[in-house]
Each structure stands twice: as structure tokens, then as C-alpha cells.
Amino acid sequence: MFKNHHLKIFLIALLLTLPQLSLANGIVSSTIKNPDPYSGNQSWFRYYESPGNTVKDSVILRNLGDQPITIDVYATDAASNQAGSFTLKTSSEEQKGIGLWAKVDRSEVTIQPDESIEVPFEINIPKDLAPGEYFGGIINEENTQNSCDPIQSVSGHCTGNIQIKTRSGNRIYLTIP
């Protein structure tokens, strides 16, 4: 019992310290270019800035799979889900904070196997922003085209088609003193 408990704690700690991974047609790791100077964390962006400043940084995407993969990259606001946990909005939801202020240099990237791509972004902090904490993220989402190969109706339109997209993100924590 004692060894199992320690093994579980070790495995959880290991998973929390690894760079963020998303499973898609390949495996894409997502790390930040400039680790948090206080914790060395490579999964979260953390900024302490004044209103009116511009933050420039990059996310590094690496294809760990054996197939090329196309990824959509975008900034988004954070929200709380029904359980109260941190979650990032989708690109189709209204953005009012970091998702609105941040601009990603390249919205779509194709990454070859074992290749890394640096995707710059900037956050233009509004000049009249009140002090506080603002949360968001940089999302990498599998870019899949709608296809109906398995099931098509007589008219050629898709019917009964289910599409699964994989997305993951790096959190952004912005503190305005």
C-alpha cells in the first residue's frame, strides 16, 4: 500500500511537469519559449505588465509523430466550466479579454515529423485596463477538414458524420498591478 501511494504521487507529479501534449494524427508538444522566471514552468505564460504595454512571446510546437500535421493556432479567453475548473474558450466563442487583445503571428502551421515551429504572438494590453488578474491561453487545435467518406446521402450531402478535433493550450496569466 505504501509503495503504491508513492508510485501514484510520483506519476501524477511527472505528468504535471511534462510539457503539454495533444494527441492528433501525430503528437504535438506545446511549450513556451520563455519559461516563468520564478518557477521555470514551460507550460504556462505568466506576465506582470502595466496597461498600454505590449507583450511579445512565442509558443513552440513540435510534431512528435511520424506524419505531417496541420495545426490551427489562436489566442482565447479563459472561463470556468460547470465544475469550476479552468478551461479555455473555443475560437467560435466571443472573446473579451486576452483572446481579443492577443494576435498570433501564424494562425495555421503544418509541422513535419520531428520538426519544431516557433509561433510568435503579442498581447496588446489596453491602456485603460483596470488592475487585476486576466486569464487566457494559446490554443493549438488539430486542423481537420470536414469529410463524409464513410456516410453520404443520395444527394451527396454529409449525414450522420461525427468529427472529433483535438486541442490543447498553454495558459496565460496576466497580472496588472
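The notes below deal with the structure included here.

Reading the values: the criteria
Residues numbered from 1 in each chain as written. Predicted model: local features only at pLDDT ≥ 70, side-chain atom pairs only at ≥ 80, totals over all residues. Heavy atoms only, no water. Phe/Tyr/Trp six-rings, centres within 6.5 Å; stacked < 30°, edge-to-face > 60°. Helix = DSSP H or I, 4+ residues; strand = E, 2+ residues; numbered from the N terminus. Buried < 20%, exposed > 50% of the residue type's maximum accessible area, 1.4 Å probe, protein only. Salt bridge = Lys/Arg side-chain N within 4 Å of Asp/Glu carboxyl O.

### With respect to the packing of aromatic side chains
For step 1, the next point in the chain: Per the counting criterion, the structure on display carries 6 aromatic pairs.
For step 2, the next point in the chain: Ring geometry for Trp-44 and Tyr-173: centres 5.3 Å apart, planes at 65°, overall edge-to-face. Of this pair, Trp-44 sits in strand E3 (residues 44-48) while Tyr-173 is found in strand E11 (residues 167-176), placing the two residues 129 residues apart along the sequence.
For step 3, the next point in the chain: Note on Trp-44: relative accessible area 29%, which makes it partly exposed.
For step 4, the next point in the chain: Ring centres of Trp-101 and Tyr-134 lie 5.6 Å apart, and the angle between their planes is 65°; this geometry places the pair in the edge-to-face category. Of this pair, Trp-101 sits in helix H2 (residues 98-101) while Tyr-134 sits in strand E10 (residues 132-142), and the two are 33 residues apart along the sequence.
For step 5, the next point in the chain: A relative accessible area of 11% means that Trp-101 is categorised as buried.

### Points about the pattern of salt bridges
Side-chain pairs of opposite charge can arise whenever the charged atoms involved come near each other.
For step 1, the next point in the chain: Taken as a whole and assessed by the stated rule, the structure comprises 1 salt bridge.
For step 2, the next point in the chain: Ionic pairing is found between Asp-114 and Arg-62, a salt bridge with its closest N-O pair at 2.5 Å. With a gap of 52 residues between them, Asp-114 in the loop between strand E8 (108-111) and strand E9 (116-124) and Arg-62 in strand E4 (residues 54-63) connect regions that are remote in the sequence.
For step 3, the next point in the chain: Judged by its relative accessible area of 55%, Asp-114 falls in the exposed class.
For step 4, the next point in the chain: The class of Arg-62 is partly exposed, set by a relative accessible area of 27%.

It is worth stressing that arrangement in space is one thing and function is another; only the former is reported here.
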